[in-house]
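# Coordinate inspection notes
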Amino acid sequence: MSILVQKFGGTSVADVEKIKNVANAVIKEKLNGSKVVVVVSAMGHTTDNLVKLAKDITNKPSPREMDMLLSTGEQVSMALLAMALNEAGYKSISLTGLQAGIKTEDCHMCARIVDIDTTNIKKYLNEDNIVIVAGFQGVCRDNEITTLGRGGSDTTAVALACALKAQRCDIYSDVEAVYTADPRVIKTAQKLKTISYDEMLELARVGANVLHPRSVETAKLNNMPMRVRSSFKLDDLGTLIIGVEEMELNKPVTGLACDASQVRIVICDVEDTPGNAARLFTLLAKQNLSVDMIIQSYARKSTNTNDIAFTVTKSDLEKFKSIEDEVNKIINSKNIFIDEDIVKVSIVGAGMIDRPGIAAKMFDTLARENINIKMISTSEIKISCLVEKKYSEAAAVALCKAFELDGAQVADVKGDLPVV
Ligand code: ADP
Ligand code: ASP
Ligand code: MG
């Protein structure tokens, strides 16, 4: 009998009525003949509220205690869902990360899953239980509780699906599918019937928070088919995420995302000499500061200096400020400029490979809206532009129009979809 993993996000389990609705979605799959493993997030805004409680006590909570605190959210929803299933007449048991055998690296609040011992889950499945697992948590050495980073329940679900060799992993959310852009911002964004792992991974990394990037990374590595679908429209199959070779590309750009969570740091007048960039980024790496876009300007001959600009997430800004003096010292800079008024707008599409003119069209579209570009970065299937925050929506709307991501032009594949 095949195994199906279903994951339900915070909105889907926000209250008791919604938990009963989730129980029905689970029973539907059970009646279809699958063994079902369910991963749940914390109810509604529980995790945000727990973070707020900690902040009301201290500005510098210990990461270990944060994990002890945040992991409680998922335990409430898993127990309530198991009770709802029991009440409906189905055998069900809830398991914490430890009980589900989820082992992570030794790192609090952003741990990666390194192994899953599925013995316990399989035992309960074989006893005809629907197994509910707390998302977002695992244990490291000495059974210390760890969490996977915000939004990490998606990754729990995909990792479990891979470890259990499930037929598929279904991520149920408050949207019906993956859209060409965030449907809450771009009302005319289109549903995607399919999207490749690579494109979904880029979209998730550049701000489409519908999926935790590591969930897509894990699915890609293991060739695990995923669906994003709605917990409130159970007959809608949503979006299937699969390998690109199964699809025929018909558009250069598949989706767009905006990310307002970054800040730009510009280090001005850095001496143009070998080793400065290495010293700077080594220091940042030592602080665990992860850097996204990087630009070094052309050196000014008169002063033999250039400027180095890069972006980090807002949550890392305090960490950067605490080493600002050290940065000035090691690369002998005098002038550091921090710009928080930015948003990164990105277009993503596997079809842009070897297709010239996509970047030009993006820049031209922004220019026509009179939007100035502060920084640009590209990968094989992505182009990102940093612009002033106030232009976020205007840029997204104009780019969706230019690249046919809105209106009636549904981005779709040709031919039959694979059955998974
Ligand atoms: P959950 O709590 O179920 O994990 P999330 O809030 O993490 O849900 O993700 C769903 C949200 O992702 C949606 O409400 C939507 O606003 C946002 N989103 C951003 N980009 C996209 C996109 N391209 N397609 C669908 N949803 C998107
Ligand atoms: N509850 C966690 C969060 O809000 C994990 C998740 O929902 O995926 O980030
Ligand atoms: Mg989520």
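Residues numbered from 1 in each chain as written. Chains lettered and ligands numbered in written order. Predicted model: local features only at pLDDT ≥ 70, side-chain atom pairs only at ≥ 80, totals over all residues. Heavy atoms only, no water.

### Brief notes about the environment of Glu29
Which entries qualify depends on this criterion: Strands here are runs of E lasting at least two residues and helices are runs of H or I lasting at least four, both read from the DSSP assignment and numbered beginning at the N terminus. Contacts between residues were defined by any pair of non-hydrogen atoms, one from each residue, lying within 4.5 Å.
As for its placement among the helices and strands, Glu29 is situated in helix α1 (residues 16-31). Between the C-alpha atom of Glu29 and that of Lys233, which follows or precedes it by 204 residues, the distance is 14 Å. Beyond its immediate stretch of four places on either side in the chain, Glu29 contacts Leu4, Gln6, Ser34, Val36, Tyr172 and Arg229.

### Concerning the confidence of the model for the chain
Going by this rule: pLDDT is defined as a per-residue confidence score from the predictor, taking values between 0 and 100.
Taken as a whole, the chain shows an average pLDDT of 93; of its residues, 95% reach a score of 70 or greater. Contacts for the low-pLDDT stretch residues 409-415, under 50 throughout, to residues beyond four places or in other chains number 17 contacts.

### Topic: the packing of helix α2 (residues 46-57) against helix α3 (residues 63-87)
To keep things clear, this is the line we draw: Axes here refer to lines fitted to C-alpha atoms; in helices the fit is confined to the stretch in contact. Angles between the N-to-C directions go from 0 to 180 degrees. In what follows, roughly perpendicular refers to angles from 65 to 115 degrees, roughly parallel to angles under 35, roughly antiparallel to angles over 145, and oblique to any angle outside these ranges. Each crossing is labelled by how the near helix is turned from the far one, with a counterclockwise turn of less than a right angle marking it left-handed and a clockwise turn marking it right-handed. Basically, the charged four are Asp, Glu, Lys and Arg, the nonpolar ten are Ala, Val, Leu, Ile, Met, Phe, Trp, Tyr, Cys and Pro, and anything else, Gly included, counts as polar.
Where α2 contacts α3, the two axes come as close as 9 Å, and the packing angle between them is 150°. It follows that α2 is roughly antiparallel to α3 by the angle criterion. Between α2 and α3 the crossing geometry is right-handed. Here Thr46, Thr47, Leu50, Val51 and Ala54 of α2 lie close against α3, whose contacting residues are Met66, Leu69, Leu70, Thr72 and Gly73. By residue class, the composition of the contact of α2 with α3 is 6 nonpolar, 4 polar and no charged.

### Comments concerning the pattern of salt bridges
Convention followed: Criterion for a salt bridge: a side-chain nitrogen of Lys or Arg within 4 Å of a carboxyl oxygen of Asp or Glu. Burial classes: relative accessible area under 20% of the type maximum marks a residue as buried, over 50% as exposed, and values in between as partly exposed (1.4 Å probe, protein chains only).
For the structure on display, the rule yields 25 salt bridges. Here Lys20 and Glu17 are joined by a salt bridge, their closest N and O atoms 3.7 Å apart. Taken together, the residues span about one helical turn, with Lys20 and Glu17 both in helix α1 at a distance of 3 residues. By relative accessible area, which is 45% here, Lys20 ends up partly exposed. Of the charged contacts, one joins Lys30 and Asp128 as a salt bridge, the two residues approaching to 2.8 Å between their closest N and O atoms. Separated by 98 residues along the polypeptide, Lys30 in helix α1 and Asp128 in the loop between α4 (119-126) and β6 (130-134) bring together distant segments of the chain. What makes Lys30 buried here is its relative accessible area of 17%. In the salt-bridge network here, residues are joined through shared partners; they are Glu176, Lys191, Lys233 and Asp236.

### Description of the packing of helix α5 (residues 153-163) against helix α7 (residues 213-222)
Following both chains from N to C, one finds α5 and α7 inclined at 15°, their axes separated by 8 Å at the closest point. One way to sum up the angle between α5 and α7 is to call them roughly parallel. At the point where α5 passes α7, the crossing takes the left-handed sense. Residue-level inspection shows Asp154, Thr155, Val158, Ala159 and Cys162 of α5 in contact with α7, the latter providing Arg214, Ser215, Thr218, Ala219 and Asn222. When grouped by side-chain class, the residues that make up the contact of α5 with α7 number 4 nonpolar, 4 polar and 2 charged.

### Brief notes about the pairing of strand β19 (residues 375-379)
Defined as follows: Pairs of strands are assigned from DSSP output, requiring at least two bridges between the strands.
Both β19 and strand β20 (residues 382-388) contribute to a ladder of 5 bridges, which runs antiparallel. Across the sheet, residue Met375 finds its bridge partner in β20, namely Leu386. Connecting β19 to the next strand, β20, in antiparallel fashion are 2 residues.

### Observations concerning the side chain of Thr118
Along the polypeptide, Thr118 turns up in the loop between β5 (113-116) and α4. A residue is classified by how much of its surface remains accessible, and Thr118, at 9% relative accessible area, is buried. Residues contacting Thr118, with those up to four places away along its chain left out, are Ala163 and Leu164.

### Structural notes on the site of ligand 1
What counts, and what does not: One heavy atom within 4 Å of a molecule or strand makes the whole residue count as near it. Polar contact criterion, stated in full: a pair of N or O atoms within 3.5 Å, where within protein one must be able to donate a hydrogen and the other to accept it, and residues adjacent in sequence count only if both atoms are side-chain atoms. Residue burial considers only the protein chains on display, and all accessible areas are found by Shrake-Rupley using a 1.4 Å probe.
Looking at ligand 1, there are 18 residues lining it, with Ser173, Asp174, Tyr179, Asp182 and Arg184 nearest. Interatomic distance of 3.1 Å between a side-chain N/O atom of Asp174 and an oxygen atom of ligand 1. Side-chain polar atom of Asp182 to an oxygen atom of ligand 1: 2.8 Å apart, as the coordinates give it. Protein burial of ligand 1: of its 580 Å² of free accessible surface, 85% is covered by the chains.

### Observations concerning the site of ligand 2
All residues in the neighbourhood of ligand 2 are listed as Ser41, Ala42, Thr47, Glu74, Phe136, Arg150, Gly151, Gly152 and Ser153. Here a nitrogen atom of ligand 2 and a side-chain polar atom of Thr47 are 2.7 Å apart. With respect to ligand 2, the side chain of Arg150 contributes an N or O atom lying 2.6 Å from an oxygen atom. Computed on the free molecule, ligand 2 has an accessible area of 260 Å², of which 85% lies beneath the protein chains in the complex.

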